[in-house]
Amino acid sequence: MHAVCHAASPADWPGWRGREREGRAEPGNYPTHWSPDTNIRWKAPIPGQGHASPILVGDSVFLTTGYPTGRGETLKRLAAWGVLALTAAVAGAGAVLALLACARGEPPSRGNVVSVAFFCLVLGVLLQLSHAALPRLGGQELTTDQRMECWLLSANIAALCFIVAAFPLAAWNRARGIAALFVASLPVPAILARPAPDYFNLYTPGRLGLELIWSAALPLAVPIAVLLAALWGRTPRATRHAPRLACLAAAILGLAAGILSFRLPPLHVVTFCAATWLVVEACGFGLRVGGWAKWFAVAAIAVGALGFLERNGLRVTRDFARAIVCLDRDTGAAKWTREGLRGPHPPMSHRNSPATPTPVADAERVYAWFGSAGAMCTDMEGKLLWANTEVPFDDVHGVGASPILADGLLIIPGTQPDAPYIAALDVATGKRVWTTELRPWPGGEGQARTPAIATVNGKKLLLVWAWEGTQKEGCLRALDLRSGNEFRRFPVATHNEQVASVVSDGDLLYLASSKEVLALGLAKLSRGEEPLAALVWTSTLKCRGQLVASPVLCNGLLFVVAAHRDAHCLDARTGELLWSQQLNGRGCMASPIAAGGAVYFPDVSGKTTVVAAERKFRKIAENDLGEPIWASPAPVRGRLYIRTTGHLWCIEEKP
């Protein structure tokens, strides 16, 4: 059994991790030292967003990207700034009302001073949280994580608005009761408005469950407390008088403390505000601010409701373009950009992008898959040959696995949480040839493992390592490439991980997670022997964070790196752990590659650590391009092609 290569020139890098999908370059001398000003052959700007790795065929470099067309951005910006302006106006009016209440008539009581201090504290927090929410809500699309953060912030801001509205209504129990009844009805749409309810649910503490419950409970608890206080109808307690200057100082200190609370978790701050307000209410302290209080309360409640609607109901654009970009291999000059598959912005994690799957090419065509938008194919001149929108993908994290090309078929890994599948499209027409359904996975998370290709006695098989019913159970499936029928299946644990792909050296198959690495004998597995009989070795790892990057083989060594930069080197034949090292950076999300006797570990920070492919750790260099790296480099004929968030770089050792 051996891995099957693409029918491509050794000078090409036609798909995800190269010709054999293993991340290994042909022998040659490759650069190990560079900077933004050193050993850079060319640097080309790339429009939009994408984590897809560059591929090379002939004299061209191809990559994919996605970007909004712009429709709706102005409206969104105006709405966001408008809500912020209204919030600031309500907060300013509240501070003025509080000071006027203590400035006229008799000198303020000590209770009034305390009430003003806490009231201004709430106003300061309201201003601070509204400002914190604004950058997430400008003229741009939001990831699933950002939408959840916005939901939490908007629910907390709404609770603060209700507290602000309740403060000056101490003298009007009927008005307090009406306002409380109105506000009490808002938590229901608030619960329904949360993004990705199947994933961010109320029953899973690990997925913001506690924050969800409490954020939804605050807007409900506050009006209930207001309503009970209105029914109670108590009178404020008499206290000694205090200087008017003390009231002014209390207002300033409270406002400043609220604004400076950005260093603390918002939910904790809002909970503290609600608790202090209840204490003030229980002590009978209230603000007597005259007839304007009712209108102020209405304005505060309206701002909370409008802010929640703007943050959760108003979307930026409904038109999002996907594109294949072609550059000249030697100069980086743009040849063409082919847009296609327009549609809504896809749901995705903040660590993902709208164009993460790496495209794949043969000598005549380029194929790209964008997850929820579908797949498209162009010729080498950028002419759109076909598009297929019937290969769906729906996952709150977005798509991560890449398509692969084999025997005239484009393999689409639609490994979404609900109704996962593997599909094969005809490369000439884009029509489905076969579809194999996989078992759904609970928990709202899909898989991001790119399948592997192997040959057993002349039969080409597709190897799919995925969950089997639960996040802890796993299964390695061998599917017949021509029909999609299952040939073999072997239980192999996934350890609650779903990203790092299978790699092979022809004799052994390596399955890696942050807890252990397994080496399985392919010949024994193909004969249907038990997994324990096919197990060659197991090596235990202790990594911080999951394994996102796929392993790479070089010089008989297996290199593994976890998301938190824990790099390991194992003997590929025995599984012996030879060294472990913490790399510099912020996180290793892109898969490492091997070239010229060295292993390149790209990091999100923009650094690439170059390590000798040896049994003892030896760092050759650490190079920083100054822009985050989420895509794996492409090493071809002595050059490295590295995609950062804004550019594609061609790195070549200068004589």
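Each value, and the rule that gives it
Residues numbered from 1 in each chain as written. Predicted model: local features only at pLDDT ≥ 70, side-chain atom pairs only at ≥ 80, totals over all residues. Heavy atoms only, no water. Helix = DSSP H or I, 4+ residues; strand = E, 2+ residues; numbered from the N terminus. Buried < 20%, exposed > 50% of the residue type's maximum accessible area, 1.4 Å probe, protein only. Contact = heavy atoms within 4.5 Å. Pairing = 2+ DSSP bridges. Expected span 1.5 Å × (residues − 1). Phe/Tyr/Trp six-rings, centres within 6.5 Å; stacked < 30°, edge-to-face > 60°. Lys NZ or Arg CZ within 6 Å of the ring centre and 35° of its normal.

Asker: Before we go on, may I ask you to explain unusual backbone geometry in this structure?
Answerer: Glycine aside, a negative phi is what most residues show, and trans is what most peptide bonds show. Phi is positive for arginine 17, close to 65°, though the residue is something other than glycine. A positive phi angle, close to 60°, is found at asparagine 39, a residue other than glycine. Among the secondary structure elements, asparagine 39 is positioned in the loop between β1 (2-3) and β2 (40-45). Classification of asparagine 39 by relative accessible area gives buried; the value is 8%.

Asker: Which parts of the structure should I look at to understand the side chain of serine 154?
Answerer: Within the secondary structure, serine 154 sits in helix α3 (residues 144-166). Contact partners of serine 154, with chain neighbours within four places excluded, come to Phe308, Arg311 and Asn312.

Asker: Can you help me understand the pairing of strand β6 (residues 334-343) in this one?
Answerer: Across a regular strand the side chains alternate sides, sitting on one face of the sheet and then on the other. With 7 bridges connecting them, strand β5 (residues 320-328) and β6 associate as antiparallel partners. In the sheet register, cysteine 326 faces β6, and the bridge partner there is tryptophan 336. Hairpin geometry of β5 and β6 is characterised by an intervening segment of 5 residues between the two adjacent antiparallel strands and by a positive phi of about 80° at glycine 332.

Asker: What is the right way to look at α3 in this model?
Answerer: Along an α-helix, residues three or four positions apart point the same way, because every turn accommodates 3.6 residues. Along its 23 residues, α3 runs 33 Å from first to last C-alpha, staying within 8% of the 33 Å computed at 1.5 Å per residue. Where burial is concerned, most of α3 is hidden: 19 out of the 23 residues are buried.

Asker: Mind showing me how you'd approach the packing of aromatic side chains here?
Answerer: In this description, an aromatic ring pair is defined by two values, namely the gap between the centres and the angle between the planes. Per the stated rule, a full pass over the model turns up 8 aromatic pairs. Geometrically, the ring pair formed by tryptophan 579 and phenylalanine 617 is edge-to-face, given 4.9 Å between the ring centres and 70° between the ring planes. With a gap of 38 residues between them, tryptophan 579 in strand β26 (residues 577-582) and phenylalanine 617 in the loop between β29 (607-612) and β30 (619-624) connect regions that are remote in the sequence. Residue class for phenylalanine 617 comes out partly exposed when judged on its relative accessible area of 28%. Ring-pair connections join several aromatic residues into one group, and the members of that group are Phe559, Trp579 and Phe617. Seen from the ring of tryptophan 16, arginine 17 lies directly overhead, with NZ or CZ sitting 5.6 Å from the centre. Sitting over the face of the ring of phenylalanine 487, arginine 488 holds its NZ or CZ atom 4.5 Å from the ring centroid.

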